[in-house]
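# Reading the structure
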Amino acid sequence: MSAPDRLTFIGGGHLAQAVISGIYSSNTSWKDACPISVTARRLEHMEQLRDSFPKAFATTDNLRPAIWGTDGNSAKSGLAKAHVVFICTRPKEVPQVCQEIASILETLQGLARPTVVTMCPGISVSQLQSWLPEGTPIVRSMPNLPVTCREGATALFPSDDAVSRVDLVASVLREVSPAVSVLPEESLLDVAASISGSAPAYFYYLIESLVSAAETHGMSTETARNLVVQSCLGSGMLSRDTDKPIQILRKEVCVPGGSTEKAIGHLMKSRLPEIVQGAVDKSLKANREMRYVEK
């Protein structure tokens with residue numbers, strides 16, 4: 001089960017659109033044979049989705065038979081073995097969505113039952129299991145903002161029923177997220193949220209600070225931004241494409257007694273690692289406290 005034969009996105013917001021756009025613009029071998037459906041709450045949003053993705057089926061009805069392959073118009077009707085359903089709504093709407101689609105999931109047994117994937121923090125596998133029919137394969141995912149330009153990093157955690165299907169989910173998300181990691185423990189999703197989830201903000205803040213420092217020495221904002229952003233991109237690509245430890249890469253930039261070594265020495269004296277650790281700890285604490293509580 002390495003490729004999906006049907007994809008459904010419940011909620012057609014930015015995250016869903018990023019994944020759909022990534023799939024349609026990719027060279028993956030399965031995209032043309034895989035029906036994609038996306039739902040929206042408002043009629044005008046549905047029409048916008050139809051304009052943006054003419055090959056996809058857009059609807060305002062989460063139970064529309066056509067999005068589940070149970071409409072009788074497909075040779076695979078009711079027999080899909082690699083159907084992935086992404087719930088892309090706000091966290092507070094997830095329980096209602098789960099309870100709504102539970103009725104149709106009940107009618108699909110065994111391999112015909114889709115894998116349900118959530119893309120939000122704060123809702124555990126056990127909570128999802130309480131809202132969905134017993135035995136439903138569930139995967140929690142934690143993507144980050146760069147999925148919108150197909151350069152995301154995503155962490156996954158499957159329920160026991162979804163262990164054999166997590167590679168299928170990963171194959172879909174890799175179209176917008178080159179780095180996909182399957183975690184051994186659900187609690188590590190909170191760590192991922194504090195690291196890769198928050199990392200874009202950390203990097204943006206560093207970029208802001210470097211640009212501001214350049215401005216104080218007379219460089220224009222545009223020039224500083226171009227130089228800093230490209231340096232950020234290049235450094236990331238180099239660290240991705242080499243087997244060298246990150247510490248070695250850093251030291252290779254620092255010529256003994258040179259200006260960069262002096263700059264790094266200042267950051268060390270300023271206890272940058274401790275500052276970063278404190279920031280991550282704050283984020284982790286907030287993520288662990290972000291638990292959905294039914295009212």
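All values reported here derive from a predicted model rather than from experimental measurement.

## Considerations on a nonpolar patch on the surface
Residues Leu267, Leu272, Ile275 and Val276 make up a contiguous nonpolar surface patch of about 320 Å² in total accessible area. Looking at the nonpolar patch element by element, the count peaks at 3 residues for helix H12 (residues 272–289). On the secondary structure map, Val276 appears in helix H12. What makes Val276 partly exposed here is its relative accessible area of 43%.

## Describing the UniProt feature "domain: Pyrroline-5-carboxylate reductase dimerisation" (unreviewed entry) in the protein chain
With numbering aligned to this structure, UniProt lists the feature "domain: Pyrroline-5-carboxylate reductase dimerisation" (unreviewed entry) at residues 186–290. Secondary structure over residues 186–290 splits into 82% helix and 0% strand, and the C-alpha atoms at its two ends are 14 Å apart.

## Digging into the state of the cysteines
Under the definition given, this model contains 0 disulfides. Cys34 takes part in no disulfide bond, and the closest cysteine sulfur to it belongs to Cys88, at a distance of 14 Å. Between Cys120, a cysteine without a disulfide, and Cys98, which holds the nearest cysteine sulfur, the sulfur-to-sulfur distance is 8.9 Å.

## Comments concerning the side chain of His45
Considering the arrangement of structural elements, one finds His45 in helix H2 (residues 43–52). According to the relative accessible area criterion, His45 is buried, its value standing at 15%. Beyond its immediate sequence surroundings of up to four residues, His45 is in contact with Gly12, Gly13, Gln17 and Ala40.

Parameters and conventions
Within every chain, residues take consecutive numbers counted from 1 along the sequence as written. pLDDT decides what is reported in this predicted model: residues at 70 or higher carry local features, side-chain atom pairs at 80 or more are listed and counted, and totals for whole chains, interfaces and linings draw on all residues regardless. The basis for every side-chain value is the complete set of non-hydrogen atoms in the structure, without hydrogens or water. Surface patches are drawn from residues lacking salt bridges whose relative accessible area is over 30%; two like charges belong together within 9 Å, two nonpolar side chains (Val, Leu, Ile, Met, Phe, Trp, Tyr) within 5 Å. Areas reported here follow the Shrake-Rupley algorithm with a probe of radius 1.4 Å; residue values treat only the protein chains shown as occluding. For this analysis, a salt bridge means a side-chain nitrogen from Lys or Arg found within 4 Å of a carboxyl oxygen belonging to Asp or Glu. Under the DSSP-based scheme used, a helix requires at least four consecutive residues in state H or I and a strand at least two consecutive residues in state E, with every element numbered from the N terminus. The buried label goes to any residue with under 20% of its type's maximum accessible area, the exposed label to any with over 50%, and the partly exposed label to all in between, with areas taken from a 1.4 Å probe on protein chains only. UniProt positions are given in the numbering used here, feature names are shortened, and annotations may be inferred rather than shown by experiment. Sulfur atoms of two cysteines make up a disulfide when they are within 2.5 Å. Residue contacts are defined here by distance: any two heavy atoms, one from each residue, within 4.5 Å place the two residues in contact.

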